[in-house]
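# Report on the structure
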Amino acid sequence: MKKTLLAVALLWSVCTASHAQNRAECERIVNLVAEAVGAGSIEGVEPFLAPGFMFSGQEGDQARSVMKLLVEQLDDRVERIETLREERTEEGLELVCAFTYAGALGRREATFLFDGENRLKRLELFPMRVETLPQEEDAFVKPSSCRLDVPVRRLGNLLAATALLDGRECTFIIDNGAPRLMLNSSRYGAERDTAALRISSSKGVNSSIGGMDVVKVSEFDFHGIRSEGGKFLAFDMSHLEQGAEIFGLLGYEVYKDYDLLFDYEGGTLTLLEPTVTDAYVDSLAGGCPVTEVPIEMEGHIACVEACIGEHTLRLGIDCGAGADLLDGRLWESLRPALAGRRETTLTGADAEVRRVRSAKVKRLKIGGMEFRRIPTVFNDMSHLNRSLERGLDGLIGFPVLSRQKTVLSYRSGRLIFLP
């Protein structure tokens, strides 16, 4: 008798859930997902995601993050939707649809599960593999030295240094605009599974960087900053090689515990424990005044306030930028402050080449410092700003950092220009 009652109760719960669901509303959400793919944003779908939403094996906030990244990076649109199957289960209404994409993805089956309140409980757009990386603070072990003097050389307008990768001395580009250590898959890493789709949270100048793998490194050593058995991102950087083998980018996570002293002319990047920075700066200044400007952190990016003409801008500090970068929306409003306006090409770490506008900024003021005739490119920065709380108006790189010795102090929140 108890088993019979239990069966009746379960049947009643299924019928109740089915009755509460509105198929038309669920189909509307399916269409919203298709629209989100075309728009490159899940903003229109997020209000309809259930608590504990699942996406490609991930759950909750992680699922939302993975879906957001995937939609941003697909660079495709859905041309046609077909409903293939419908099933009402104890969990809710399940719809299996065929999405026909305009691009290389072609026709793919997508599975949608809705709860009793017509909220999207689980979504599988198509089979994909999701790999996670360890937290940045767990990746590296620091040496005991308070100061590391790293020889650097210029590759174009970028700084390059060597590090030991599995016991071999390899050349890397120093790029504090990159969040992590990133490896060049054309030089290091296993054979790629070309059938798998990969996404990442890393942004290039022109777009998000797709096509990434996760690779395991036996040993990495950057002048005493070490990692053993670490997992790191890898993607094809062959386009960055300028007559030299480049094995990757040394991003923020490698040296985040240090202050950085850039000396382009002297060919040195000095990593300083924050406790010794002031004394070392004083010794270099020789009694001459230095210029200090406050910075704010936006994720891994240090941001500084700058002025061009009558405009006050928020700029990220990026030694991996060979030219300064400003958001394309500023092109017309900054016209009086620009000279030599023209079109050129811009290639980012993502290998994408775009036609962009460029000019020289007549005067750029950062605190008490004034920089004249700064080469600058203008490009859409919306893809970079989607993941930032306040957003940026641009980036300053080689043209500013190379004109004098410059200290970027993450811990004390200062950008220091030496005389």
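Everything numeric in this text was worked out from a predicted model, so none of it was measured.

On to the nonpolar core, then. In terms of nonpolar packing, the biggest core is built from 65 residues, with Phe172, Leu183, Phe220, Phe222, Leu364 and Ile366 touching the most fellow members. Setting aside residues no more than four positions away along its own chain, isoleucine 366 makes contact with Val293, Val304, Glu305, Ala306, Phe371, Ile396, Val400 and Phe417. By size, the runner-up hydrophobic cluster in this structure holds 34 residues, among which are Val71, Leu105, Leu125 and Phe126.

To continue, consider the pattern of salt bridges. Overall, the coordinates contain 34 salt bridges when judged by the stated rule. Note that aspartate 278 is salt-bridged to arginine 414, the shortest N-O span being 2.9 Å. A residue pair is termed long-range when its members are at least 10 positions apart, and aspartate 278 in helix α5 (residues 277-285) and arginine 414 in strand β26 (residues 414-417) qualify at 136 residues. Note that glutamate 370 is salt-bridged to arginine 372, the shortest N-O span being 2.9 Å.

Moving on, we come to the environment of arginine 314. Looking at the element boundaries, arginine 314 is found in strand β19 (residues 311-317). Looking at arginine 314, the relative accessible area reads 11%, which means it is buried. When sequence neighbours within four positions are dropped, the list of residues in contact with arginine 314 reads Glu296, Glu298, Cys303, Val304, Arg390, Gly391, Leu392, Asp393 and Gly394. Polar contacts involving the side chain of arginine 314 include one to the side chain of glutamate 296, which spans 3.4 Å. At 3.0 Å, the side chain of arginine 314 and the backbone oxygen of glycine 391 are in polar contact.

Rules of the game
- Residues numbered from 1 in each chain as written.
- Predicted model: local features only at pLDDT ≥ 70, side-chain atom pairs only at ≥ 80, totals over all residues.
- Heavy atoms only, no water.
- Core = buried A, V, L, I, M, F, W, Y, C linked by side-chain atoms within 4.5 Å.
- Buried < 20%, exposed > 50% of the residue type's maximum accessible area, 1.4 Å probe, protein only.
- Contact = heavy atoms within 4.5 Å.
- Salt bridge = Lys/Arg side-chain N within 4 Å of Asp/Glu carboxyl O.
- Helix = DSSP H or I, 4+ residues; strand = E, 2+ residues; numbered from the N terminus.
- Polar contact = N/O pair within 3.5 Å; in protein donor to acceptor, adjacent residues only side chain to side chain.

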